[in-house]
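# Architecture and fold: a report
Residues per chain are reported as follows:
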Amino acid sequence: MRAVQATRPGGDFEVVERDVPQPGQWQVLVRVGACGVCHSDAMARHGMASDYPRVPGHEIAGTVETVGDGVTQWRVGERVGVGWFGGACFTCTPCRRGDFISCVEGRVTGLTRDGGYAELVLAPADALAAVPDELTDAEAAPLMCAGVTCFHALRESGARAGDLVGVVGLGGLGHLGVQFANKMGFEVVAIARGAEKGEFARRLGAHHYVDSTSQDVAAELTRLGGATTVLSTVTDSAATTAVIGGLAPRGRLVVVGVPEEALQTPAVDLILASRLVAGHPSGTAKDSEDALRFAALTGIRPLVEEMPLAQANRAYDTMMAGKARFRMVLRP
């Protein structure tokens, strides 16, 4: 099979020929129909994979090719997805409490095992999500990471239908966050840089738009009544913390974008109004399946640019340069 691998930390991705892996007990071999390119793929590029060579990619949609011994819930030909969640150990304390996304082994598709920049990928059966027929592979793939991250963070945030919810950023994560927030019944405030993005934000489902380059974000959120939740999807620390003063009492800032700089905010802004700042991982395979079903039901779709697998370096560079509109997707 053809695959694209990080042969060593720091090098470009390379197209290679590999033997087709065979599924062992409780494993499934998936024929990849599409694989999204995520910012987290930089971890495989820059030395954070468990070992090398490593095939990156954790936004996978395809079909079951073969199943290993003990697999009873998946059948050959079924449409499935594989995301960041690469399975659980079922024996650590978080797993025993049912908190599988917090498994201490940290099994991650494309980092601790080979991912979806390939024609075929091997995955644990518990890492698979069913893909609805209403979604194409190219639409489903980004929802296995970017989609479930926004969907699950919002539904676990404590916000209820009708509450004011902000989304910081309108990129690969944010353009999905605004759509999910709208379809969940929130009053949505999109926050981004530049007045020209306002019309795009409204087309995605935002009821309000705040241009962070010309408006005081916290003051605008406060004017609107204060946000129950703000979902930050950006990699800018200052833009993330700028919203804290606009949270309602006991409001929550949920951080899913990963700034390189530390988040800094005056403690008094948190204490006096009992505000919270929380991180949120993506979700389990079942959470991803829920996100896929919700998207299919409500018409949520990622905006994607497709490229052939052989152009993985070009797709990755486009994404890292912030020029993707809005998720890059590789097709084998």
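Residues numbered from 1 in each chain as written. Predicted model: local features only at pLDDT ≥ 70, side-chain atom pairs only at ≥ 80, totals over all residues. Heavy atoms only, no water.

## Regarding the overall build of the chain
So the rule is basically this: Under the scheme used here, helices are H or I runs from DSSP no shorter than 4 residues and strands are E runs no shorter than 2 residues, and both carry numbers assigned from the N terminus. Our radius of gyration is a C-alpha quantity, and the globule rule it is checked against amounts to 2.2 Å times the number of residues to the power 0.38. To sort residues, take the accessible area from a 1.4 Å probe on protein chains only and compare it with the maximum for the residue type: under 20% means buried, over 50% means exposed, and anything in between is partly exposed. Whether two residues touch is decided by their heavy atoms; if any such pair falls within 4.5 Å, the residues are in contact. Counted as positive: Lys and Arg. Counted as negative: Asp and Glu. His and the chain ends are not counted at all. A charged residue contributes its charge at one atom only: NZ of Lys, CZ of Arg, CG of Asp or CD of Glu.
When its secondary structure is counted, the chain shows ten helices and 15 strands. The C-alpha atoms of the chain give a radius of gyration of 20 Å, which matches the 20 Å a tight globule of 332 residues would have. Seen through its principal axes, the chain has C-alpha atoms that stretch 60 × 40 × 35 Å. Expressed as a percentage of its 332 residues, the buried residues of the chain come to 55%. Of all intrachain contacts in the chain linking residues separated by at least 6 positions in sequence, the fraction that spans at least 24 positions is 67%. In the chain, 31 side chains carry a positive charge and 37 a negative one; their mean positions are 3 Å apart.

## Overview of helix 10 (residues 312–320)
Under the convention used in this document: Starting at the helix axis, one direction is taken to each C-beta atom, and the arc is that of these directions.
When we look at burial in helix 10, the residues that qualify are Ala312, Ala315, Tyr316, Thr318 and Met319. The buried residues of helix 10 occupy an angular sector of 160 degrees when projected down its axis, which confines them to one face. Of the residues trailing helix 10, glycine 322 is marked for its positive phi of about 75 degrees.

## Overview of the packing of aromatic side chains
Our working rule: In summary, the pairing rule links any two rings of Phe, Tyr or Trp, Trp by its six-membered ring, whose centres are within 6.5 Å, and it sorts them by plane angle into stacked for under 30 degrees, edge-to-face for over 60 and tilted for everything else. Only when the NZ of Lys or the CZ of Arg is both within 6 Å of the ring centre and within 35 degrees of the ring normal is a charge said to sit over the ring.
All told, the structure shown has seven aromatic pairs when counted by the stated rule. Measuring from centroid to centroid gives 5.2 Å for phenylalanine 13 and tyrosine 316, while their planes differ by 80 degrees, and the two rings are edge-to-face. Placement of phenylalanine 13 in strand 2 (residues 13–17) and of tyrosine 316 in helix 10 is noted, with a sequence separation of 303 residues between them. A centroid spacing of 5.1 Å and a plane angle of 10 degrees characterise the contact between phenylalanine 200 and phenylalanine 326, whose relative ring orientation is stacked. Of the two residues, phenylalanine 200 sits in helix 5 (residues 198–204) while phenylalanine 326 sits in the loop between helix 10 and strand 15 (327–331), which places them 126 residues apart along the sequence. With respect to burial, phenylalanine 200 and phenylalanine 326 carry one shared label: buried. Above the face of the phenylalanine 13 ring, arginine 45 is positioned so that its terminal group lies 4.6 Å from the ring centre. Over the ring of phenylalanine 326 we find arginine 325, and its NZ or CZ is 5.4 Å from the ring centre.

## Describing the pairing of strand 12 (residues 247–255)
Along any regular strand the residues' side chains alternate between the sheet's two faces. Stated precisely, the cut-off is as follows: When DSSP finds two or more bridges between a pair of strands, those strands are recorded as paired.
Examined bridge by bridge, strand 11 (residues 227–232) and strand 12 share five bridges and lie parallel to one another. Bridge pairing in strand 12 places threonine 229 opposite arginine 252. Here strand 12 runs beside strand 13 (residues 276–279); their pairing, made up of four bridges, is parallel. Residue pairing across strands places arginine 252 opposite leucine 276, the latter belonging to strand 13.

## Some points on the nonpolar core
Note the cut-off: Only buried residues count toward a nonpolar core. Its members are Ala, Val, Leu, Ile, Met, Phe, Trp, Tyr and Cys residues joined through side-chain atoms within 4.5 Å.
Counting 46 residues, the largest nonpolar core has Leu154, Leu170, Val178, Phe180, Phe186 and Leu292 as its most contacted members. Mapped onto this core, the elements with two or more residues apiece are helix 3 (137–155), strand 8 (164–168), helix 4 (174–183), strand 9 (187–192), helix 5 and helix 9 (285–298). Counting residues per element, this core draws most heavily on helix 3, at eleven residues. Phenylalanine 180 has contacts with Leu143, Gly147, Cys150, Phe151, Leu154, Ala291, Phe294 and Ile300, leaving out every residue within four places of it along the chain. Residues Val16, Val80, Leu120 and Tyr316 belong to the second largest nonpolar core, which totals 37 residues.

## Some details on the sheet that holds strand 9
For the record, the criterion: A fitted line through C-alpha atoms serves as each axis, taken over the contacting stretch for helices, and the angle formed by two N-to-C directions is quoted from 0 to 180°.
Reading across from one edge, 10-9-8-11-12-13 is the order of the six strands in this open sheet, with parallel pairing throughout. The two strands at the open ends of the sheet, each matched to only one other strand, are strand 10 (208–211) and strand 13. Within the sheet, the average angular offset between the axes of one strand and its neighbour, ignoring direction, is 20 degrees. One ladder, built from five bridges, connects strand 8 with strand 9; its direction is parallel. By the bridge assignment, glycine 166 is partnered in strand 9 with valine 189.

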